[in-house]
Amino acid sequence: MGIRGPPESGRMGLGRRLALLPDDQLVGLAAGGDRAAYGELARRHARFVRDLMRRMGADAALADDLTQDAFIEAMRSLPGYRLEAPFTAWIRTVAARLYLRRKRRDARLVIMAEPLGVETPDEGRIDTGARMDLNAALQTLSAAERTCVTLCHGAGLTGQEIADALDVPLGTVKSHVTRALEKLRWRLKLYKENADD
């Protein structure tokens, strides 16, 4: 009696084969109805989508719900997806738009004119002994600044797309993004100065 290898020896399992395929091939398979291919796309990108939702201000449970909803909506929309942008950018945009719709529906997002002066976070709120944490830094921003900068730099939306999604003037979006970046740079500078001490 000889020694036999595992039943799959010489063959690669379906999950392993899918894991080796690039996103554009998985999208093609998923658009044709291959649920395993779509599952692999979700496995690859769900964490990044969830992180984006958290950075936009969603609590953990809402981030999980929105991530799941984004993948469901994306699956329905796959036949119309064009490979002009990477799948990861597309799914993040889908998720960001879902987040904004949810916030509008719940009437919790209020974007209003704020003073144009650059405000710096209260130095007492900065934990200099802790590791610099982007999520913590984003939480120091106003809701409007956090939403606009995350949509711009996290989801890759243009200023006009953000303005349209939020139903605010483009200038308002630009000022929120600019102010948010200035505050984040200030926080990083302060963090570096304290780390050097």
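Residues numbered from 1 in each chain as written. Predicted model: local features only at pLDDT ≥ 70, side-chain atom pairs only at ≥ 80, totals over all residues. Heavy atoms only, no water.

### A word on the overall build of the protein
So, point 1. Per the secondary structure count, the protein includes nine helices and zero strands.
So, point 2. Going from N to C terminus, the protein has its helices and strands arranged as α-α-α-α-α-α-α-α-α.
So, point 3. By the burial criterion, 36% of the 197 residues in the protein qualify as buried.
So, point 4. Across the protein, every contact between residues at least 6 apart in sequence was considered, and the portion connecting residues at least 24 apart equals 66%. (Helix = DSSP H or I, 4+ residues; strand = E, 2+ residues; numbered from the N terminus. Buried < 20%, exposed > 50% of the residue type's maximum accessible area, 1.4 Å probe, protein only. Contact = heavy atoms within 4.5 Å.)

### Things to note about helix α2 (residues 23-31)
So, point 1. Among the residues of α2, those classed as buried are Asp23, Leu26, Val27 and Ala30. Angularly, the buried residues of α2 cover 105° about the axis, an arc narrow enough to put them on a single face.
So, point 2. At the C-terminal side of α2, glycine 33 shows a positive phi close to 100°. (Arc of directions from axis to C-beta.)

### Overview of the side chain of arginine 146
So, point 1. In this structure, arginine 146 sits in helix α7 (residues 143-153).
So, point 2. No salt bridge is formed by the buried arginine 146, whose closest oppositely charged neighbour, glutamate 145, lies at an N-O distance of 7.8 Å.
So, point 3. Sequence-distant contacts of arginine 146, that is, excluding residues within four places in its chain, are made with Arg55, Met56, Gly57, Leu138, Gln139 and Leu141. (Lys, Arg positive; Asp, Glu negative; His and termini not counted. Salt bridge = Lys/Arg side-chain N within 4 Å of Asp/Glu carboxyl O.)

### Some thoughts on the environment of arginine 104
So, point 1. Tracing the backbone through its elements, the reader meets arginine 104 in helix α5 (residues 87-105).
So, point 2. Separated by 62 residues in sequence, arginine 104 and leucine 166 have C-alpha atoms that sit 8.3 Å apart.

### Focus on the nonpolar core
So, point 1. With 46 residues, the main nonpolar core has Tyr38, Met53, Leu78, Phe87 and Leu151 as its most contacted residues.
So, point 2. When contributions to this core are tallied by element, the ones reaching two or more residues are α2, α3 (35-56), α4 (60-77), α5, α6 (134-139), α7, α8 (159-166) and α9 (170-196).
So, point 3. Per-element accounting of this core gives the leading share, nine residues, to α5.
So, point 4. For methionine 53, the residues in contact, after removing those within four places along its chain, are Ala58, Ala63, Leu66, Thr67, Ala95, Ala96 and Tyr99. (Core = buried A, V, L, I, M, F, W, Y, C linked by side-chain atoms within 4.5 Å.)

### What to know about α5
So, point 1. Across its 19 residues, α5 extends 27 Å between first and last C-alpha, which sits within 8% of the 27 Å expected from 1.5 Å per residue.
So, point 2. Inspection of α5 places Phe87, Trp90, Ile91, Thr93, Val94, Ala95, Ala96, Leu98, Tyr99, Leu100, Arg102 and Lys103 among the buried residues, and these make up the whole buried set.
So, point 3. Packing partners of the buried residues in α5 comprise α2, α3, α4, α7 and α8. (Expected span 1.5 Å × (residues − 1).)

### Side note on the environment of isoleucine 72
So, point 1. Inspection of the secondary structure assignment puts isoleucine 72 in helix α4.
So, point 2. Among the residues examined, isoleucine 72 registers a relative accessible area of 37% and is labelled partly exposed.
So, point 3. Separated by 30 residues in sequence, isoleucine 72 and alanine 42 have C-alpha atoms that sit 9.8 Å apart.

### A word on the packing of aromatic side chains
So, point 1. Taken as a whole and assessed by the stated rule, the structure comprises four aromatic pairs.
So, point 2. Look at tyrosine 81 and phenylalanine 87: their rings are 6.2 Å apart centre to centre, the planes differ by 90°, and that puts the pair in the edge-to-face class.
So, point 3. Taking the relative accessible area as the measure of exposure, phenylalanine 87 reaches 3% and is therefore buried.
So, point 4. When the ring of phenylalanine 87 is compared with that of tryptophan 90, the centres are 5.8 Å apart and the planes differ by 50°; the resulting orientation is tilted. Here the residue phenylalanine 87 and the residue tryptophan 90 both occupy positions in helix α5, the gap between them amounting to three residues, near one helical turn. (Phe/Tyr/Trp six-rings, centres within 6.5 Å; stacked < 30°, edge-to-face > 60°.)

Everything listed here is a matter of coordinates, which is why it stays silent on function.
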